[in-house]
Amino acid sequence: MTWYNYSGPVPKLVTGIPGFDLIAYGGLPEGRSTLLSGTSGSAKTVFACQFLAEGVRRGEPGVFVTFEESPEAIRKNMEGFNWDIPAWEKAGQWAFVDVSPHPGQETIISGSYDLNGLLVRIENAARKVGAKRMSLDSLGGVFAQLGDTTLVRNELFRIVSALKELKVTSIITAERTEEYGQISRYGIEEFVTDNVVILRNGLEQEKRRRTIEILKFRGATHQKGEYPFTVSPNQGVVVIPLSAIELKQKSTDVRIRSGVPELDRMCGGGFFRDSIILLSGATGTGKTLVTTMFIAGGVEAGERCLLFAFEESRDQLFRNATGWGVDFEKMESAGKLKVVCEYPETGSLEDHLIAMKAVVDEFRPQRIAVDSLSALERVATIKSFREFAIGLTSYIKDKNVAGLFTATSSSLLGGTSVTETHISTITDSIILLRYVEMHGEMRRGVTVLKMRGSTHEKSIREFTIDGTGMHIGKPFRNISGILSGHFMHLPPGEIERLREMFKDDGDVTPAAVPPAVGGSETPDRSR
Amino acid sequence: MSTYLLKLYVTGQTPRSRRAIENLRRICEEELRGQYEMHVIDVLERPQLAEDEKILATPTVVKELPMPIRRIIGDLSDAEKVLLGLDLLPCQPRNDTASRKEEGVDLV
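Student: How should I be thinking about the overall build of chain A in this particular structure?
Tutor: Across its full length, chain A holds 16 helices and 25 strands. Taking all 527 residues of chain A together, the buried fraction comes to 56%. Long-range pairs, those at least 24 residues apart, make up 68% of the contacts in chain A between residues at least 6 apart in sequence. As displayed, chain A has an accessible area near 22300 Å², and 52% of this comes from carbon and sulfur atoms.

Put into structure tokens, the structure is as follows:
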């Protein structure tokens, strides 16, 4: 709990819906009704069912009042989430109140009426199971069944008020016609005014993006704004609580080996154990190689390593590794390595994030590599991608493990990648791999751009790749403009002159570098 | 022998409930003397029956026999609607549509 987590004077009921309780600062206001509004297909019914399902798991029985779908349809549809509603009904922990329209039965209205019949049934069901939770889905259905809007509205208002006396915490769903606009059809929000939650399923650049927003909790605090969520086959609604993630990660001085001894030296003695390293470079510069070395180094040090591959197949990866003298197969059979290969297109980023978290929880690695993070850019909007990157990095940091992400820059020479632009500030270290054109030949250069909490080498060194992996050699002394991609060869006399001018910056040893100097200035200095 | 089976669901002894009972009894006596069976069910006392019959509004008459099953919601103060619901006004609407059809044919 931090200062802003104060939940207000109204007690909250833990819903159990993953992520939701975090943004709701503890759950839904207890003993009150919350309006859950969303367009068609925004997962209102799933949310309403999950609220009860989680209640049953916590020993809090529930009543589901259905106005649109029949109980049979709901039982069937929710099987996919492993919610065994029939068993709960038998155990007396779940009751349906079926108000779905009866097909083929004509209804004629003659004179005045009220909805006491419904109220009695709700009260009866609540008493029968000893309900603590209730879902009404979706209230607009009554308006469709009975014509008189004014009368129905007054009656529903009375029923919603009566729910308070039943001492249940309830969710009332309502349909809305637009993602942004009126809260609900029939103005239901006018009588369920205490708490409003909105589910959205917007279409942005041809991609669906689900978000949840707590619009208001009367007398209680909550996180504001839209949060992405997904409907996962095993868990139902999973909210990704981005800004609710606390920056509480512990910091450590323990260094780990990168797998390339020279790279460790360039980083001032290796990566920090709980750091996120971004490895950026154009295609073919050796990102997968460094990733492979990072994993080999981890396994060598007795750590468990997890590799998420979004660009290459398992066979390709294993073959590549063998080419650099690393045996992934042996590592995997020893239980030290797990390789997960997935096409980015198989799901939304929210789905990927949840799947990745599940693997991390299960395998409990000490090192995680993602190759490449930018492959995931293509299945999402920039906003989703940024949220994904933040969600993933904060999760990994929370687990206190080292993470290596690769990012592909769009141009062969120089330039930055979109991935880099969006996540460079949340990473602890940035390593750049670049092509260097020299005398009609393409060579490769590596530099450490940023190393949070440590000194590091500022020069751009050449490296070569052979059957035993990566070999880092001497700095490029006679060429400048590598990072920008506009090369300039310097005559030997000029290099000597520069060396005289910046004497203490000459042959860089980590200890000699003042820690306050930003790494990005390096290319200018050598000019 | 009763050909009509009518169940009237009410909530408690409210004026509206009483009105519905009186209205239904009067209409049945006038139109269906000796041919009907009428049950009044108070859902406050028998909530499970209301659940089984999926009663939403009260008062509600469910005409179980003869088929088709039909529901009439309200205090039954609009007698014409009640007769319509009980299929006791079969000729009028059919005549209307028939005559309209004829007009349509003439126009063509």
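Student: I'm lost on the layout of surface pockets in this one. Help?
Tutor: In this approach, a probe sized like a water molecule rolls over the atoms, and the result shows the empty space that is left. Residue and element names in this part refer to chain A. Space inside the second largest pocket adds up to approximately 310 Å³. The wall of the second largest pocket is formed by 17 residues, among which Asp351, His352, Ile354, Ala355 and Met356 lie closest to the centre. For the lining of the second largest pocket, the class distribution of residues is nine nonpolar, six polar and two charged.

Student: Explanation requested: the packing of aromatic side chains in the structure shown.
Tutor: Both the distance between ring centres and the angle between the ring planes are used here to describe each pair of aromatic rings. Residue and element names in this part refer to chain A. Applying the stated rule across the entire model yields nine aromatic pairs over all chains. Taking the centre distance of 5.4 Å and the plane angle of 80° together, the rings of Phe20 and Phe47 count as edge-to-face. Here Phe20, found in helix α1 (residues 20-23), pairs with Phe47, found in helix α2 (residues 44-57); they are 27 residues apart in sequence, far enough to count as distant. Connected via pairs of aromatic rings, a cluster forms that spans Phe64, Trp88, Trp94 and Phe96. Its end group placed over the ring of Phe272, Arg255 keeps NZ or CZ at 4.3 Å from the ring centre. Between Arg367 and the ring centre of Phe294, over which it is positioned, the NZ or CZ distance is 4.8 Å.

Student: Looking at this structure, how should I read the interface of chain B and chain A?
Tutor: A common measure of how large an interface is: the accessible area buried when the components associate. Listed by partner, the interface residues are 30 residues for chain B and 28 residues for chain A. Taken together, both faces of the contact between chain B and chain A bury some 2400 Å²; the carbon and sulfur share is 51%. Counting every contact that joins chain B to chain A gives three salt bridges. Its salt-bridge partner being A:Asp98, residue B:Lys54 comes within 3.3 Å of it at the nearest N-O pair. Linking chain B with chain A are 18 residue pairs in polar contact (both at pLDDT 80 or more), by the criterion used here. Elements that contribute at least two residues to the side of chain B that touches chain A include exactly α1 (15-31), α2 (47-52), β4 (70-73) and α3 (79-85) of chain B. Split into classes, the residues belonging to the side of chain B that touches chain A amount to 14 nonpolar, six polar and 10 charged.

Student: For this particular structure, what's the right way to read helix α10 (residues 314-323) of chain A?
Tutor: Since the α-helix packs 3.6 residues into each turn, any two residues three or four apart lie on the same face. Residue and element names in this part refer to chain A. The complete set of buried residues in α10 reads Leu317, Phe318, Asn320 and Ala321. The arc that holds the buried residues of α10, viewed along the axis, is 160°, so those residues lie on one side. Exposed side chains of α10 directed beyond 90 degrees from the buried face belong to Asp315, Arg319 and Thr322. In this structure, the buried side of α10 is in contact with α9 (287-300), β16 (305-309), α11 (328-333) and β17 (337-341).

Student: So what exactly am I meant to see when it comes to the sheet that holds strand β8 (residues 169-175) of chain A here?
Tutor: Within a sheet, each strand pairs with its neighbour through backbone hydrogen bonds, oriented either parallel or antiparallel. Residues and elements named next belong to chain A. Reading across the sheet, the nine strands line up as β5-β4-β7-β8-β3-β9-β10-β11-β12 and stay open at both edges, with mixed pairing between neighbours. Since the sheet does not close on itself, it has two edges, and those belong to β5 (94-98) and β12 (236-239), each with one partner. Sheet twist, expressed as the mean angle between neighbouring strand axes with direction ignored, is 25°. Judged from the 10 bridges that link them, strand β9 (residues 195-204) and strand β10 (residues 207-217) form a sheet pairing that is antiparallel. Residue pairing across strands places Arg200 opposite Thr211, the latter belonging to β10. Each of β3 (33-38), β4 (62-66), β5, β7 (133-137), β8, β9, β10, β11 (226-232) and β12 touches α2; the most contacted strand, β7, lies at about 165° to it. Each of β3, β7 and β8 is contacted by helix α7 (residues 149-165), which is oriented at about 160° to β8, the strand it contacts most.

Student: I tried to follow the confidence of the model for chain B on my own but got confused; where do I start?
Tutor: Any residue range with low pLDDT should be treated as having predicted coordinates unsuitable for detailed reading. Residues and elements named next belong to chain B. Residues with a pLDDT of 70 or more make up 80% of chain B, whose mean pLDDT is 78. Considering each helix and strand of chain B separately, the mean pLDDT is smallest for helix α4 (residues 91-107), with a value of 43, and largest for strand β1 (residues 4-10), with 90. In the predicted structure, residues 91-108 sits below a pLDDT of 50 and forms one contact with residues beyond four places in sequence or in another chain. Across the predicted assembly, pTM comes out at 0.71 and ipTM at 0.79.

Student: Looking at this structure, I do not really get the pairing of β4(B). What am I missing?
Tutor: Consecutive residues of a regular strand have side chains that alternate between opposite faces of the sheet. By the alternation rule, side chains of β4(B) split into B:Arg70 and B:Ile72 and B:Arg71 and B:Ile73, which are all buried. Here strand β6 (residues 106-109) of chain A pairs with β4(B) via four bridges, running parallel. Following the sheet pairing, A:Glu106 is matched in β4(B) by B:Arg70. The pairing of strand β3 (residues 60-65) of chain B with β4(B) spans four bridges and is antiparallel. In the strand pairing of β4(B), B:Val61 is matched with B:Ile72. Connecting β3(B) to the antiparallel partner β4(B) that follows it, the hairpin turn spans four residues.

Student: Would you explain the pattern of salt bridges in this entry?
Tutor: A side chain with one charge may pair with a side chain of the opposite charge, provided their charged atoms come close. One pass over the structure, following the stated rule, counts 29 salt bridges over all chains. The partner of B:Glu30 in a salt bridge is B:Arg26, and the shortest N-O contact between them spans 3.9 Å. Highlighted residues: B:Glu30 and B:Arg26, both in helix α1, separated by four residues, approximately one helical turn. Looking at B:Glu30, the relative accessible area reads 57%, which means it is exposed. Judged by relative accessible area, B:Arg26 falls into the partly exposed class, the value being 41%. Through salt bridges that share partners, A:Glu54, A:Arg57 and A:Arg58 make up one connected network.

Student: Got a minute to help me understand empty space enclosed by the protein in this structure?
Tutor: Residue and element names in this part refer to chain A. Evaluated as defined, the whole model comprises four cavities of 30 Å³ or more. The volume enclosed by the second largest cavity comes to roughly 50 Å³. If you go around the second largest cavity, the residues you meet are Pro228, Ile240, Leu349, Glu350, Leu353, Ser384, Glu387 and Phe388. Only α12 (349-363) and α13 (382-398) provide two or more residues apiece to the lining of the second largest cavity. Its residues placed into classes, the lining of the second largest cavity shows five nonpolar, one polar and two charged.

Student: Would you explain the side chain of A:Thr45 in this entry?
Tutor: All names here are of chain A. For Thr45, the location among the structural elements is in helix α2. Residue Thr45 is classed as buried on the basis of its relative accessible area, which comes to 17%. Those residues within four positions of Thr45 in sequence are excluded, and the remaining contacts are Phe64, Glu69, Met78 and Asp137.

Quick notes on the rules
Throughout, a residue's number is its position along its own chain's written sequence, starting from 1. Just so you know, chain letters begin at A and ligand numbers begin at 1, following the order they were written in. Predicted model: local features are reported for residues with pLDDT of at least 70 only, side-chain atom pairs are reported and counted for 80 or more only, and whole-chain, interface and lining totals are derived from all residues. For side-chain calculations, the full set of non-hydrogen atoms in the structure is used, while hydrogens and water are omitted. Going along the chain from the N terminus, every DSSP run of H or I of four or more residues is numbered as a helix, and every run of E of two or more is numbered as a strand. Burial classes follow relative accessibility: with a 1.4 Å probe on protein chains only, a residue under 20% of its type's maximum area counts as buried, one over 50% as exposed, and anything between as partly exposed. What makes two residues a contact is simply this: any of their non-hydrogen atoms within 4.5 Å. Where accessible areas are quoted, they stem from the Shrake-Rupley method and a 1.4 Å probe; at the residue level, only the protein chains shown are allowed to cover. As defined here, a cavity is a set of points on a 1 Å grid over the protein atoms alone where a 1.4 Å probe fits but cannot get out. A pocket is an open set with protein on both sides within 12 Å along at least five of seven lines, and residues line them when an atom is within 4 Å of a point. Grid points are joined across faces, edges and corners, and a volume is the space filled by probe spheres set on the points. Polarity classes work like this: nonpolar for Ala, Val, Leu, Ile, Met, Phe, Trp, Tyr, Cys and Pro, charged for Asp, Glu, Lys and Arg, and polar for all others, with Gly in that last group. In this scheme Phe, Tyr and Trp rings, the latter by its six-membered ring, pair at centre separations within 6.5 Å, and the angle between planes marks the pair as stacked below 30 degrees, edge-to-face above 60, and tilted otherwise. Over a ring means this: the NZ of a Lys or the CZ of an Arg is within 6 Å of the ring centre and within 35 degrees of the ring normal. Two parts lose some accessible area (1.4 Å probe) when they are put together, and adding that loss for both gives the buried area. We define a salt bridge as a contact between a side-chain nitrogen of Lys or Arg and a carboxyl oxygen of Asp or Glu at a distance within 4 Å. In protein, a polar contact means a hydrogen-donor-capable atom and an acceptor-capable atom, both N or O and within 3.5 Å, with residues adjacent in sequence counting only if both atoms are side-chain atoms; elsewhere, any N or O pair within 3.5 Å suffices. Think of the arc as the fan of directions from the helix axis to the C-beta atoms. Note on pairing: two strands pair once DSSP finds at least 2 bridges between them. To define axes, lines are fitted to C-alpha atoms, for helices over the stretch in contact only, and angles between the resulting N-to-C directions are given on a 0 to 180 degree scale. Residue-level confidence of the predictor is what pLDDT reports, using numbers from 0 through 100.

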